[in-house]
Amino acid sequence: MKLADRILELRKQKGISQEELADRLGVSRQSVSKWESEQSEPGMDKIIQMSDYFEVTTDYLLKGIDPVSKSDVKGKNIGNILSLAAPFMAWTGFITSLAFWYEYQNTLSIMNGFLWMAASVVVIYTAKLNQLIDNKAVTRYWLISFPAVSIFVLSVLYNLIFSPGVTAPFPMVFANQLTFFGIWALITVCLNIAVEMMLYKNLRK
């Protein structure tokens, strides 16, 4: 398929006449007619205008390469941004919860961490539901975020069980709790190793 054929096809897909396309590009109808009949070729500025109007790449117009719409490209770029932002949000929640606990030592640290991590999960799965990212991007999110999320959650559970009234994002260890802390640490390390290995294998498939 030649440039002339692609212009004709895109115009018909859009459901517009040669005159309407000409008005859109600021040229005469005869110019569009000549492009479509291979009597002449549009200049680069008109190629770019048609690329924007038809929402395809200039490579597709000129060479027939990669017939991806610009809206698809934009969606992919948004997906890439969200797939980077989500794990950053999870780790931000974990790190700032530690900072808040050091400063205030109250439930604010837990709420801060929980909200950041919950928001990161919402972001990554909203992107997946809207087909902005694929399953591998979700796997990468968990590969990066799982350590922060698991340590935070297991720490909160540990403190609820062994240190009632303490709402720290890390295990509060007292002299009589060293054995329980050792069990907590063993569970946390083994869980992270197992999950990270599983996620890594899924990512390699």
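Predicted, not measured: the structure shown is a model, and the values here were computed from it. (Residues numbered from 1 in each chain as written. Predicted model: local features only at pLDDT ≥ 70, side-chain atom pairs only at ≥ 80, totals over all residues. Heavy atoms only, no water.)

S.K.: Residues and numbers for the packing of aromatic side chains, please.
M.R.: Throughout the structure, instances matching the rule amount to nine aromatic pairs. Plain terms: the ring middles of Tyr53 and Phe54 are 5.2 Å apart, the flat faces sit at 55° to each other, and that makes the pair tilted. For Tyr53, a relative accessible area of 17% translates into the label buried. Accessibility expressed as a relative area gives 9% for Phe54, which makes it buried. Ring plane angle 20° and centroid distance 5.7 Å describe the contact between Phe181 and Trp184, whose orientation is recorded as stacked. With Phe181 and Trp184 both in helix α9 (residues 178–204) and three residues apart, this pair spans about one turn of that helix. By relative accessible area, which is 28% here, Phe181 ends up partly exposed. Each residue in the set Tyr158, Phe162, Phe180, Phe181 and Trp184 is aromatic and connected to the rest through ring pairs, giving one cluster. (Phe/Tyr/Trp six-rings, centres within 6.5 Å; stacked < 30°, edge-to-face > 60°. Buried < 20%, exposed > 50% of the residue type's maximum accessible area, 1.4 Å probe, protein only. Helix = DSSP H or I, 4+ residues; strand = E, 2+ residues; numbered from the N terminus.)

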